[in-house]
Amino acid sequence: MQQANAELQNSGVFGLDYVARDLRLANYTNTVFPSLNERTPWGGLVLTAKTATVTDANIPISASAPFISTGLLSHSVGTGETVSTTLNEWQGLSNVNVASDQLTIQFVAPNAMVNCEGDNVQAGDYVIQRYFVRRASGTTGTDYGLACDANTPTATGATPVATPTTISGFGGAGELIMPRVDHFAVQLGTRLVTTVSRVETVRLAYYTINQYRAVAAAARTAGTEPPRIVSVKTAVLVRSTDDTRSNDIDLTGSINILNQSVTLTNTTNKYARRVYSTTATFRNGLGEGS
């Protein structure tokens with residue numbers, strides 16, 4: 001059990017901290033469009049991409065096919081959301097009774113750095129990164145991990161570009177950045193300001209990605225602006241490497257992850273498990289007058 005708990009801490013604490021550092025870069029330099037929602041051009045959270053019929057999107061390129069696959073955008077299970085059948089796209093892999101989410105962000109590199117796949121990125125380069133659960137190896141089995149897929153940066157010495165006309169190298173298997181992840185969950189923190197009879201009311205709320213899509217669609221149908229996205233909360237359920245065979249581990253009980261109770265699909269192996277979560281605020285997310 002001591003060995004298992006040490007593994008959980010190494011994987012959960014350090015792995016999620018690595019993710020959080022990049023999440024805090026999301027929306028960097030996006031000061032032209034301060035209201036971050038599901039259509040904000042170059043917005044830090046990627047919920048939409050341009051298609052033949054969608055012109056207002058978080059990724060406003062390219063002007064013509066091939067367009068970015070919807071399976072590479074941010075997703076959570078829910079009404080109208082269908083997992084992809086394409087390898088390495090969002091498939092909702094999970095070892096609990098709820099599908100895992102997928103989070104896609106974009107930003108402009110503030111300085112020379114490396115992306116989540118270990119490639120060198122120059123200051124001013126455009127970076128798009130996708131966090132999702134995939135198999136550690138092969139195409140079968142339930143040994144999952146949290147992976148990160150990033151676009152191919154510009155060649156060394158090239159002139160940095162903040163708004164590219166194409167995105168290349170995005171949509172692969174990426175790199176495993178956190179092993180033994182049974183579930184990955186995402187919630188979006190929002191801020192909505194309404195004024196009635198000169199009285200201003202500020203409402204803060206958290207939504208799953210799917211819930212936010214529905215709220216945004218309803219707002220646009222009503223002729224109002226969707227709630228502004230100001231933060232993102234992520235959580236992982238990590239497990240130990242080996243079966244502890246400890247009678248202290250209850251495999252039938254519910255596990256709370258981001259206010260949602262889930263249950264394990266494997267009730268045989270007594271792995272030690274723990275939930276780790278973190279919250280990151282989007283840069284420039286509050287916008288003007290906030």
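Details of the structure are given in the entry above.
A.B. asks: Help me understand the state of the cysteines, please; the structure alone is not making it clear to me.
C.D. replies: A covalent bond bridging the sulfur atoms of two cysteines is what the word disulfide describes. All chains considered together, the criterion is met by 1 disulfide. A sulfur-sulfur distance of 2.1 Å marks the disulfide that ties Cys 116 to Cys 148. Residues Cys 116 and Cys 148 are joined through a disulfide that is left-handed, its torsion about the S-S bond being -80°. Residue Cys 116 is found in the loop between strand 2 (113-114) and strand 3 (120-121), and its partner Cys 148 is found in strand 5 (residues 144-150); the two are separated by 32 residues along the sequence. Both residues of the pair, Cys 116 and Cys 148, count as buried.

A.B. asks: What should I look at first to understand the packing of aromatic side chains in this one?
C.D. replies: For any pair of aromatic rings, the description rests on two quantities: the centre-to-centre distance and the angle between the ring planes. Counting across every chain of the model gives 2 aromatic pairs. Where Trp 42 meets Tyr 126, the ring centres are 5.6 Å apart and the plane angle is 75°; that geometry is what we call edge-to-face. On the criterion of sequence distance, the pair formed by Trp 42 in the loop between helix 1 (2-23) and strand 1 (103-108) and Tyr 126 in strand 4 (residues 126-135) is long-range, its members being 84 residues apart. For Tyr 126, a relative accessible area of 6% translates into the label buried. One cation-aromatic arrangement involves Arg 130 over Phe 170; the distance from NZ or CZ to the ring centre is 5.9 Å. Seen from the ring of Tyr 271, Arg 239 lies directly overhead, with NZ or CZ sitting 4.2 Å from the centre.

A.B. asks: Can you walk me through the nonpolar core in this structure?
C.D. replies: What tends to happen in soluble globular proteins is that the nonpolar side chains get buried as a cluster. Membership of the largest hydrophobic core comes to 41 residues, with the highest contact counts inside it found for Leu 146 and Val 236. Excluding residues that lie within four positions of it along the chain, Val 236 makes contacts with Leu 16, Leu 146, Met 178, Val 181, His 183, Phe 184, Ile 257, Arg 274, Val 275 and Tyr 276. Formed by 13 residues, the second largest nonpolar core is a distinct cluster that contains Val 96, Leu 237, Ile 255 and Ile 257.

A.B. asks: I would appreciate a short explanation of the sheet that holds strand 4 in the present structure.
C.D. replies: Within a sheet, neighbouring strands are paired by backbone hydrogen bonds and run either parallel or antiparallel to one another. Taken in spatial order, the 4 strands line up as 1-4-5-6 in an open sheet, and their pairing is antiparallel. Two strands in the sheet have a free side with no partner beyond their single neighbour: strand 1 and strand 6 (175-179). With direction set aside, neighbouring strand axes in the sheet form an average angle of 25°.

A.B. asks: Explanation requested: the environment of Thr 201 in the structure shown.
C.D. replies: Turning to its location among the elements, Thr 201 is positioned in strand 8 (residues 199-207). A C-alpha to C-alpha distance of 34 Å links Thr 201 and Ser 100, two positions 101 residues apart in sequence.

A.B. asks: What's the story with the pattern of salt bridges in this structure? I'm lost.
C.D. replies: A pair can form between side chains of opposite charge whenever their charged atoms are brought close. Scanning all chains against the criterion turns up 8 salt bridges. Here Glu 38 and Arg 39 are joined by a salt bridge, their closest N and O atoms 3.7 Å apart. Between Arg 239 and Asp 143 there is a salt bridge, and its shortest N-O distance comes to 3.3 Å. Placement of Arg 239 in strand 9 (residues 228-239) and of Asp 143 in the loop between strand 4 and strand 5 is noted, with a sequence separation of 96 residues between them. Under the relative-accessibility criterion, Asp 143 is labelled partly exposed at 39%. Each of Asp 143, Asp 182, Arg 239 and Arg 273 takes part in a single network of salt bridges with overlapping partners.

A.B. asks: Quick question: what am I supposed to make of the sheet that holds strand 9 here?
C.D. replies: Strand order across the open sheet formed by 4 strands is 8-7-9-12, with antiparallel pairing between neighbours. Of all strands in the sheet, those with a lone pairing partner are strand 8 and strand 12 (273-281), marking the two edges. Each strand of the sheet is rotated relative to its neighbour by a mean of 15°, with strand direction disregarded.

A.B. asks: Teacher, can you tell me more about the pairing of strand 1 here?
C.D. replies: Within a regular strand, the side chains alternate between the two sheet faces. For strand 1, the buried fraction is high: 6 of the 6 residues fall into the buried class. Burial along strand 1 is two-sided: Leu 103, Ile 105 and Phe 107 and Thr 104, Gln 106 and Val 108, pointing in opposite directions, are all buried.

A.B. asks: Please clarify how unusual backbone geometry should be interpreted in this entry.
C.D. replies: Among all residues save glycine, negative phi is the norm, and among peptide bonds the norm is trans. A positive phi angle is found at Arg 180, which is not glycine, with a value near 55°. By secondary structure assignment, the location of Arg 180 is in the loop between strand 6 and strand 7 (181-196). Positioned with a positive phi, Arg 245 is a non-glycine residue whose angle comes to about 55°. Tracing the sequence through the fold places Arg 245 in the loop between strand 9 and strand 10 (255-257). Under the relative-accessibility criterion, Arg 245 is labelled exposed at 67%.

Scoring rules and cut-offs
Residue numbers restart at each chain and count upward from 1, following the sequence in its written direction. Given that this is a predicted model, residues contribute local features only at a pLDDT of at least 70 and side-chain atom pairs are listed and counted only at 80 or more, while totals for whole chains, interfaces and linings are drawn from all residues. To get the side-chain values, take all heavy atoms of the structure and skip hydrogens and water. By convention in this document, the label disulfide applies to cysteine sulfur atom pairs within 2.5 Å. Only DSSP runs of H or I covering at least 4 residues are called helices, and only runs of E covering at least 2 are called strands; the numbering of each starts at the N terminus. The cut-offs for exposure are 20% and 50% of the maximum accessible area for each residue type, with area from a 1.4 Å probe on protein chains only; residues under the lower value are buried, those over the upper are exposed, and the others partly exposed. For this analysis, a ring pair means two rings from Phe, Tyr or Trp (six-membered ring only for Trp) whose centres lie within 6.5 Å, classed as stacked if their planes differ by under 30 degrees, edge-to-face if by over 60, and tilted for the remaining angles. Cation placement over rings: the criterion is NZ of Lys or CZ of Arg within 6 Å of the ring centroid and within 35° of the ring normal. We define the nonpolar core as a collection of buried residues of types Ala, Val, Leu, Ile, Met, Phe, Trp, Tyr and Cys that are connected through side-chain atoms lying within 4.5 Å of one another. Residue contacts are counted whenever heavy atoms from the two residues lie within 4.5 Å of one another. DSSP calls a pair of strands paired once it identifies at least 2 bridges connecting them. Between N-to-C directions, angles span 0 to 180 degrees; the directions come from axes that are lines fitted to C-alpha atoms, helices contributing only their stretch in contact. Salt bridge, as used here, is a side-chain nitrogen of Lys or Arg placed within 4 Å of a carboxyl oxygen of Asp or Glu.

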